[in-house]
Structures are given as C-alpha cells and as structure tokens.
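# Tertiary structure, described
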Amino acid sequence: MDGFVRIMFPIVAITLILSVYGVASTTRNYEFNIQLQNVTRLCHTKSMVTVNGKFPGPRIVAREGDRLLIKVTNHVSNNITIHWHGIRQIQSGWADGPAYITQCPIQTGQSYVYNYTVVGQRGTLFWHAHISWLRASVYGPLIILPKLHVPYPFTKPYKEVPIIFGGYGGCRAASFAEALCRVHCHPP
Ligand SMILES: [Cu+2]
C-alpha cells in the first residue's frame, strides 16, 4: 500500500499543478455539417453551401496547445475540404485541407475528422473551404487564446468581436465557377 501511495502521490500532484497552471491542454470536438441553407442578406435570399446552416460559419475557439478534432460531414452534392488558414500543421499535414494535395475531397455522404494540435500560435485566424469556389460562402473564425493564466502580449482588451469580411453576390459562387468552367476549364 505504501508503495502504491508513493507512486500515485507525485502523479496526482503533477496533474493538479498542470491543470491549475493551464499547462495541460484539452481536446476540443467540433461537428461541421456541410449543408445547403437559404440565407438572406441585402434583401436577397439564396441557397448557399454552409457549415451547420450558418453564414459566416461557426467559430472555433481553442487555447494554445489544444488538440482539435473537427468532424466534417458532407450533406451536399459538391465535394468539400476545409483548410485551417494560418495553422502550422506540425506532423499533421494531412489535416491541412487543400483538396487533391493533402487529402482526397470529402464526398457526398462521407465524413472526415481533421485532427491537429495548435503549437506555438495564438491569435485570430480563420477556416475556409479549400475546393472549387466553395470558399466564397464556407468560412468562419478560428480563435486561439493563450494558455490559461498566460497573459496577452498587450493590455487585455475590454471586449473582443471577430469581424469577417466576405462577398455576397447574386448567384452561388460554385454555379458561377461551373459556368465559367464551360468556357475556360482549369483544374479546381
Ligand atoms: Cu486559406
């Protein structure tokens, strides 16, 4: 029994210290359902490819050192991939997202789990589709906070509001790309 306590005490103590000081990292799970959604902007409604029916898409919030597991399920007729813009994919290049470069696209009815750890980065980035012109409507913020109890390298802001700039044209960007492709085709 003494031996057991001697082994377990340091393990429990180290775990507590790590969690109190925020050194321990977390795994954060997100579900991205790629789906069509009627979206109204500028008094005009159109059907768009979205993540979870949102435009812009849902925000991802993590802390430096966290692992992200993002399950993307494709419910539309277009193939899809998601790129995590600005994330340094260290030993996880297969999670980077460019279609036909680091992965095959996720086909209709299929899922893929992006699995990566945020290493040595903090700040506000964004994610977007990385196939064809779907990036025109499929994007959202990716916010990396410092580790717990680690301050920002500047005065803590009173409030933070992510602002994303995007276009909203009269037709679906993917349809426009397909029409363009009929005239002058190039690889996606
Ligand atoms: Cu990008």
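These remarks concern the structure in this document.

What counts as what
- Residues numbered from 1 in each chain as written.
- Predicted model: local features only at pLDDT ≥ 70, side-chain atom pairs only at ≥ 80, totals over all residues.
- Helix = DSSP H or I, 4+ residues; strand = E, 2+ residues; numbered from the N terminus.
- Buried ≥ 20, exposed ≤ 12 C-beta atoms within 10 Å, placed from the backbone.
- Contact = placed C-beta atoms within 7 Å.
- Pairing = 2+ DSSP bridges.
- Axes fitted to C-alpha atoms, helices over the stretch in contact; angles between N-to-C directions.
- Core = buried A, V, L, I, M, F, W, Y, C linked by C-beta atoms within 7 Å.

### Brief notes about the overall build of the protein chain
Summing up its helical and strand segments, the protein chain has two helices and eight strands in all. For the protein chain, buried positions account for 26% of its 188 residues. Look at the contacts in the protein chain between residues 6 or more apart in sequence, and 68% of them connect residues 24 or more apart.

### Thoughts on the sheet that holds strand E3 (residues 60-63)
Hydrogen bonds between backbone groups are what pair the strands of a sheet, and the pairing can be parallel or antiparallel. As summarised here, the arrangement of the four strands in space is E3-E8-E7-E5, forming an open sheet in which the pairing is mixed. Bordering the open sheet on either side are E3 and strand E5 (82-85), each of which pairs with just one other strand. Averaged over all adjacent pairs, the angle separating strand axes in this sheet is 25 degrees, with direction ignored. With four bridges joining them, E5 and strand E7 (residues 123-129) adopt antiparallel strand pairing. Its bridge partner lying in E7, His 85 is registered against Phe 126.

### Digging into the sheet that holds strand E1 (residues 27-41)
Taken in spatial order, the four strands of this open sheet run E2-E1-E4-E6, and their pairing is mixed. In this open sheet, the two strands that pair with only one neighbour each are strand E2 (44-51) and strand E6 (111-117). The average undirected angle you get between the axes of adjacent strands in this sheet is 25 degrees.

### Brief notes about the nonpolar core
Among the nonpolar cores identified, the biggest contains 31 residues, and Val 72, Ile 80, Tyr 114 and Leu 134 are the most heavily contacted of them. Mapped onto this core, the elements with two or more residues apiece are E1, E2, strand E4 (67-74), E5, E6, E7 and strand E8 (139-145). Apart from the residues within four sequence positions on either side, Val 72 is in contact with Phe 32, Ile 34, Ile 80, Ile 82, Ile 106, Ser 111, Tyr 112 and Tyr 114.

### Some points on the pairing of E1
As judged from the eight bridges shared by E1 and E4, these two strands associate in the parallel manner. Within E4, the residue paired with Phe 32 across the bridge is Val 72. Across eight bridges, E1 lies against E2 in antiparallel orientation. Bridged to Leu 36 within E2 is Val 49. From the end of E1 to the start of E2, which pair antiparallel, there are two residues, and Leu 42 there has a positive phi angle of about 50 degrees.

### What to know about the environment of Gly 140
On the secondary structure map, Gly 140 appears in strand E8. Placed 84 residues apart in sequence, Gly 140 and Pro 56 show a C-alpha to C-alpha distance of 5.5 Å. Not counting residues up to four positions away in its chain, the partners in contact with Gly 140 are Val 51, Pro 56, Gly 57, Pro 58, Arg 59, Phe 126 and Trp 127.

### Notes on the environment of Leu 69
Mapped onto the elements, Leu 69 comes out in strand E4. Residue class for Leu 69 comes out partly exposed when judged on the 14 C-beta atoms lying within 10 Å of it. Linking Leu 69 and Arg 28, residues 41 residues apart in sequence, is a C-alpha distance of 6.1 Å. In contact with Leu 69, other than residues within four places in its own chain, are Thr 27, Asn 29, Val 113 and Asn 115.

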